[in-house]
Amino acid sequence: MMTARDYLNKALGVHWVLKFIITRVLPRPPFLYWVIKAAFFCKMIGLSAILRKTGLLQKFAPTLAAADELLQEAPMQFLLDHKATLPHQEKTFLSAEHNYFLAVQKVEAEKKAGPGKAALPPTPLPPRPTRPKVAFFTACGSQYLRPSIGLATMKLFERLKLDFIIPDLMCCGLPAASYGILERVQEMAKENIKRLERGRYDAIVCDDSSCTAHVKDYYKFFQEDPAWLRRAIALSQSVRELSGYLIQWGLIDHLKKVPWTGGPVAYHDPCKAQYAQKITQPPRDLLSAIPGLKLVPVPDADQCCGGGGTYSFVHPEMSREVLAKKAASIRSTGCQTVVTSSASCLIQLAFGLQQNGAPWRFCTSRNSWPALYNFREGIPLPTGEGVRL
């Protein structure tokens, strides 16, 4: 599909708006930050809703109209704006490492100067910062659309005493791949590979199953470039799916102490988890470990929700036809809490299930299965005695 789209793009060209977003906005994190911030500000003050209801937004920018209707939340504070992320940002680590080497140079200079140069006490050498073992690859969804997802992921890492850092990365390139702009995919993949290689991490963990699958597949875009193919394969071997990684580090033992009082729970498998990565059981293992939580099966659970990232914006009619069937399947279970591992699916399901006004709760697997640390999505989650885990 991507190869076919790449062929069509070269033959017919790419729409200038799509080309601008993928080639100019996504590869530039500061630019992307302010574009989304401006769009969310317009939504917050009600400007986008006015334009949509008058039909002007639909006439001149139908994709934006669909996005405005689907995105029910517009957080003005993104993940890296939160103070809790500052100690884990790569710039903080690099600054500490830089200060350490400056102190080392000063001590060496004092030794060379000799004891007669000054009677001042020697400069104390600060402890060298420990190089983090885990790279937390934050997806765009958990950075901008639902930053509470990223904050909850960090809470889990901290609870499990994992030494992690948030590298300075750009978008993983999945939107560019979806629309067949493969040259841009390669450029973004190369940049992320270079930035991740310098950290020498034991594991690279992403908080969105769609982005995780794409980063694992970087090597597929370098089949004709042996040097980059080797580097991409080496990187893909370090990428870990979050659910399995948390199980490996003992999250299940903690979850057994957290009672759930919120009724039956349904789990939705994102396509990039169940098809691209063949991962369906680890999230269910985590949910099933929580005392009192009844995990109910969803009819036709293997079916897509129609989200597909930007697909729900670009093709809203088809997307919502698929969503209607998925929403009906979930409603038939009688549950009111839905858990998933993709921000795109989370937003899509929230839109579809809330159409009838029911009090649904929508959570990603990071911030719901421990009922957890009171990081909330939509309607507040029920809390139990173990919420102070």
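So, how was this worked out
- Residues numbered from 1 in each chain as written.
- Predicted model: local features only at pLDDT ≥ 70, side-chain atom pairs only at ≥ 80, totals over all residues.
- Heavy atoms only, no water.
- Helix = DSSP H or I, 4+ residues; strand = E, 2+ residues; numbered from the N terminus.
- Buried < 20%, exposed > 50% of the residue type's maximum accessible area, 1.4 Å probe, protein only.
- Contact = heavy atoms within 4.5 Å.
- Areas by Shrake-Rupley, 256 points an atom, 1.4 Å probe, with all protein chains shown as cover.
- Salt bridge = Lys/Arg side-chain N within 4 Å of Asp/Glu carboxyl O.
- Axes fitted to C-alpha atoms, helices over the stretch in contact; angles between N-to-C directions.
- Parallel < 35°, antiparallel > 145°, perpendicular 65-115°, else oblique.
- Nonpolar A, V, L, I, M, F, W, Y, C, P; charged D, E, K, R; others polar.
- Patch = residues over 30% accessible without salt bridge, like charges linked within 9 Å, V, L, I, M, F, W, Y side chains within 5 Å.
- Phe/Tyr/Trp six-rings, centres within 6.5 Å; stacked < 30°, edge-to-face > 60°.
- Lys NZ or Arg CZ within 6 Å of the ring centre and 35° of its normal.
- Arc of directions from axis to C-beta.
- Left-handed = near helix turned anticlockwise from the far one by under 90°.
- Pairing = 2+ DSSP bridges.
- Expected span 1.5 Å × (residues − 1).

## A short note on the overall build of the chain
Phase 1 of the analysis: Counting its secondary structure elements, the chain contains 21 helices and eight strands.
Phase 2 of the analysis: Here the chain holds 389 residues, and the buried ones make up 49% of them.
Phase 3 of the analysis: Expressed as a percentage of contacts within the chain between residues at least 6 apart in sequence, the contacts between residues at least 24 apart total 76%.
Phase 4 of the analysis: Looking at the chain as shown, the accessible area adds up to about 19400 Å², and 59% of this sits on carbon and sulfur atoms.

## So, the pattern of salt bridges
Think of it this way: side chains of opposite charge can pair up when their charged atoms draw near.
Phase 1 of the analysis: Going through the model one piece at a time under the given rule, you end up with 14 salt bridges.
Phase 2 of the analysis: Across the pair Asp 68 and Lys 43 runs a salt bridge whose closest N-O atoms are separated by 3.2 Å. Taken together, the residues Asp 68 in helix H6 (residues 62–70) and Lys 43 in helix H3 (residues 29–44) connect sequence positions 25 residues apart.
Phase 3 of the analysis: Residue Glu 191 is joined to Lys 194 by a salt bridge in which the shortest nitrogen-to-oxygen separation is 3.6 Å. You can see Glu 191 and its partner Lys 194 sitting in helix H11 (residues 182–197), three residues apart, about one turn around the helix.
Phase 4 of the analysis: Because the salt bridges share partners, they merge into one network encompassing Asp 168, Glu 191, Lys 194 and Arg 195.

## Things to note about the packing of helix H2 (residues 16–25) against H3
Phase 1 of the analysis: Following both chains from N to C, one finds H2 and H3 inclined at 130°, their axes separated by 9 Å at the closest point. Considering the angle they form, H2 stands oblique to H3. Side by side, H2 and H3 meet where Phe 20, Arg 24 and Val 25 of the first sit next to Phe 31, Leu 32 and Val 35 of the second.
Phase 2 of the analysis: A breakdown of the residues in the contact of H2 with H3 according to their chemical character gives five nonpolar, no polar and one charged.

## Considerations on a nonpolar patch on the surface
Phase 1 of the analysis: A cluster of nonpolar side chains, namely Phe 41, Met 44, Ile 45, Leu 47, Leu 51, Leu 56 and Phe 60, defines an oily patch on the protein surface of about 680 Å² accessible area.
Phase 2 of the analysis: Those elements giving two or more residues to the nonpolar patch turn out to be H3, helix H4 (47–53) and helix H5 (56–60).
Phase 3 of the analysis: Its location among the elements puts Leu 51 in helix H4.
Phase 4 of the analysis: Accessibility expressed as a relative area gives 30% for Leu 51, which makes it partly exposed.

## Focus: the packing of aromatic side chains
Phase 1 of the analysis: Summed over the entire model, instances satisfying the criterion amount to eleven aromatic pairs.
Phase 2 of the analysis: Ring geometry for Phe 157 against Phe 164: centres 5.1 Å apart, planes inclined by 55°, an arrangement best described as tilted.
Phase 3 of the analysis: Among the aromatic side chains, those forming a connected cluster through ring pairs are Tyr 33, Trp 34, Phe 40, Phe 78 and Tyr 144.
Phase 4 of the analysis: Sitting over the ring of Phe 78, Lys 37 keeps its end group 4.4 Å from the ring centre.
Phase 5 of the analysis: Between Arg 231 and the ring centre of Trp 228, over which it is positioned, the NZ or CZ distance is 4.1 Å.

## With respect to the environment of Pro 291
Phase 1 of the analysis: Along the chain, Pro 291 falls in the loop between helix H17 (281–288) and strand E6 (295–296).
Phase 2 of the analysis: Through-space distance from the C-alpha of Pro 291 to that of Trp 260 is 6.1 Å; in sequence the pair is 31 residues apart.
Phase 3 of the analysis: If near-sequence neighbours (up to four positions away) are discounted, Pro 291 is found in contact with Leu 255, Lys 256, Val 258, Pro 259 and Trp 260.

## A closer look at helix H13 (residues 226–236)
Phase 1 of the analysis: The set of residues buried in H13 consists of Trp 228, Leu 229, Ala 232, Leu 235 and Ser 236. Looking down the long axis of H13, one finds its buried residues gathered within 125° of arc, a one-sided arrangement. With respect to the buried face of H13, the exposed residues turned more than 90 degrees away are Pro 226 and Arg 230.

## With respect to the packing of H11 against H13
Phase 1 of the analysis: Across the interface, H11 lies against H13 with an axial gap of 11 Å and an inter-helix angle of 60°. With respect to their mutual orientation, H11 and H13 come out oblique. The handedness of the crossing between H11 and H13 comes out as left-handed. The residues of H13 that touch H11, namely those facing Lys 190, Ile 193, Lys 194, Leu 196 and Glu 197, are Trp 228, Arg 231, Ala 232 and Leu 235.

## Quick notes on the pairing of strand E7 (residues 337–340)
Phase 1 of the analysis: What you see with E7 is no split at all: Thr 337 and Val 339 on one side and Val 338 and Thr 340 on the other are buried throughout.
Phase 2 of the analysis: Sheet analysis places strand E5 (residues 265–267) next to E7, joined by three bridges and oriented parallel. Counterpart to Val 265 in the pairing with E7 is Thr 337.

## Comments concerning the sheet that holds strand E2 (residues 164–165)
Phase 1 of the analysis: Spatially, the four strands line up as an open sheet ordered E2-E1-E3-E4, and their pairing is parallel. Of all strands in the sheet, those bounded by a partner on one side alone are E2 and strand E4 (239–240).
Phase 2 of the analysis: The pairing of strand E1 (residues 134–137) with E2 spans two bridges and is parallel. Along E2, the bridge assignment pairs Val 134 with Phe 164.

## Things to note about helix H7 (residues 90–113)
Phase 1 of the analysis: An ideal rise of 1.5 Å per residue puts 34 Å on 24 residues; H7 measures up with 35 Å between its terminal C-alpha atoms.
Phase 2 of the analysis: Every buried residue of H7 is listed here: Glu 90, Phe 93, Glu 97, Tyr 100, Ala 103, Val 104 and Val 107.
Phase 3 of the analysis: Elements in contact with the buried residues of H7: E2.

## Quick notes on the side chain of Glu 241
Phase 1 of the analysis: Checked against the element boundaries, Glu 241 lands in the loop between E4 and helix H14 (242–248).
Phase 2 of the analysis: Relative accessible area serves as the criterion here: at 13%, Glu 241 is assigned to the buried category.

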